[in-house]
Amino acid sequence: QVQLVESGGGLVQAGDSLRLSCAASGRTFRHYTMGWFRQAPGKERGYVAVISSNSETTRYADSVKGRLTISRDNAKNTVYMQMNSLKPADTAVYYCAAGWAGYGLGDPLAETGYDYWGQGTQVTVSS
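Below is a summary of the structure that appears in this document. (Residues numbered from 1 in each chain as written. Predicted model: local features only at pLDDT ≥ 70, side-chain atom pairs only at ≥ 80, totals over all residues. Heavy atoms only, no water.)

## A word on the sheet that holds strand β1 (residues 4-7)
Pairing between the strands of a sheet is mediated by backbone hydrogen bonds and can be parallel or antiparallel.
Then, number 1: Within the open sheet, the four strands sit side by side as β1-β3-β8-β7. Their pairing is antiparallel. With one partner strand each, in any of the chains shown, β1 and β7 (68-73) form the two edges of the open sheet. Direction aside, the axes of adjacent strands within the sheet are offset by 15 degrees on average.
Then, number 2: Here β7 runs beside strand β8 (residues 78-83); their pairing, made up of six bridges, is antiparallel. Bridged to serine 71 within β8 is tyrosine 80. (Pairing = 2+ DSSP bridges. Helix = DSSP H or I, 4+ residues; strand = E, 2+ residues; numbered from the N terminus. Axes fitted to C-alpha atoms, helices over the stretch in contact; angles between N-to-C directions.)

Okay, structure coming up:
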C-alpha cells in the first residue's frame, strides 16, 4: 500500500507558474507508474500527465503539452508537476495517483490504471 499527499496548489493569475508535489509513503514508490489527473468544475476527471517508474517515458494530455512537465525523484518518494503559462482552463482539483499500469495491469491514461490516490490540491487560475 501507499499513501499520497499532494501540495503546491493555490490561486494564481493567467500566465503564472506553480509546482505541484506529491509525497508518497512506503518503500515501493520507485516501482509505480505515477500520474497526475485533474477535475474541473462540471467536468469528469481526466489524466494530465503520466510518468513511468524510471522516468524514461512521459505522456501528456494535448491541452497541457508544452506547458506542464511531470517529473519524479524516487530517492525522495516524490513526483512533481511544473505548471507554466497557466490558463483559466487549468482551474481544477489536481490528483496524484500511483499504479501498475506500466506493467500491463491497466491503462496508464485512465483512472482504472491506478490503485492509490491522493486527496487532491486545488489550482485556481484567474484571468
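Having seen the structure, we can now continue with the description.
## Side note on the pattern of salt bridges
Then, number 1: Going through the model one piece at a time under the given rule, you end up with four salt bridges.
Then, number 2: A salt bridge links glutamate 111 to arginine 45; the nearest nitrogen and oxygen atoms lie 2.9 Å apart. Highlighted residues: glutamate 111 in the loop between β9 (92-99) and β10 (116-117) and arginine 45 in the loop between β4 (33-39) and β5 (46-51), separated in sequence by 66 residues.
Then, number 3: Between lysine 65 and aspartate 62 there is a salt bridge, with its nearest N and O atoms 3.1 Å apart.
Then, number 4: On the accessibility criterion, aspartate 62 (65% relative accessible area) is exposed.
Then, number 5: Members of the salt-bridge network, linked through shared partners, are Arg38, Arg67 and Asp90. (Salt bridge = Lys/Arg side-chain N within 4 Å of Asp/Glu carboxyl O. Buried < 20%, exposed > 50% of the residue type's maximum accessible area, 1.4 Å probe, protein only.)

## Comments concerning the state of the cysteines
Then, number 1: The final tally for this structure, using the stated rule, is one disulfide.
Then, number 2: Note that cysteine 22 is cross-linked by a disulfide to cysteine 96, the S-S spacing being 2.1 Å. Taking the sign of the torsion about the S-S bond as the criterion, the disulfide between cysteine 22 and cysteine 96, at about -80 degrees, is left-handed. With cysteine 22 in strand β3 (residues 18-24) and cysteine 96 in strand β9, the pair connects residues that are 74 residues apart, well separated along the chain.
Then, number 3: The class of cysteine 22 is buried, set by a relative accessible area of 0%. (Disulfide = S-S within 2.5 Å.)

## Structural notes on the environment of asparagine 84
Then, number 1: Its location among the elements puts asparagine 84 in the loop between β8 and β9.
Then, number 2: Separated by 83 residues in sequence, asparagine 84 and glutamine 1 place their C-alpha atoms 32 Å apart.
Then, number 3: At a separation of 2.9 Å, a polar atom in the side chain of asparagine 84 contacts the side chain of serine 17. (Polar contact = N/O pair within 3.5 Å; in protein donor to acceptor, adjacent residues only side chain to side chain.)

## Details of the nonpolar core
Then, number 1: Formed by 30 residues in total, the largest nonpolar core has its most connected members in Met34, Trp36, Val79, Met81 and Tyr94.
Then, number 2: When contributions to this core are tallied by element, the ones reaching two or more residues are β3, β4, β5, β7, β8, β9 and β11 (121-126). (Core = buried A, V, L, I, M, F, W, Y, C linked by side-chain atoms within 4.5 Å.)

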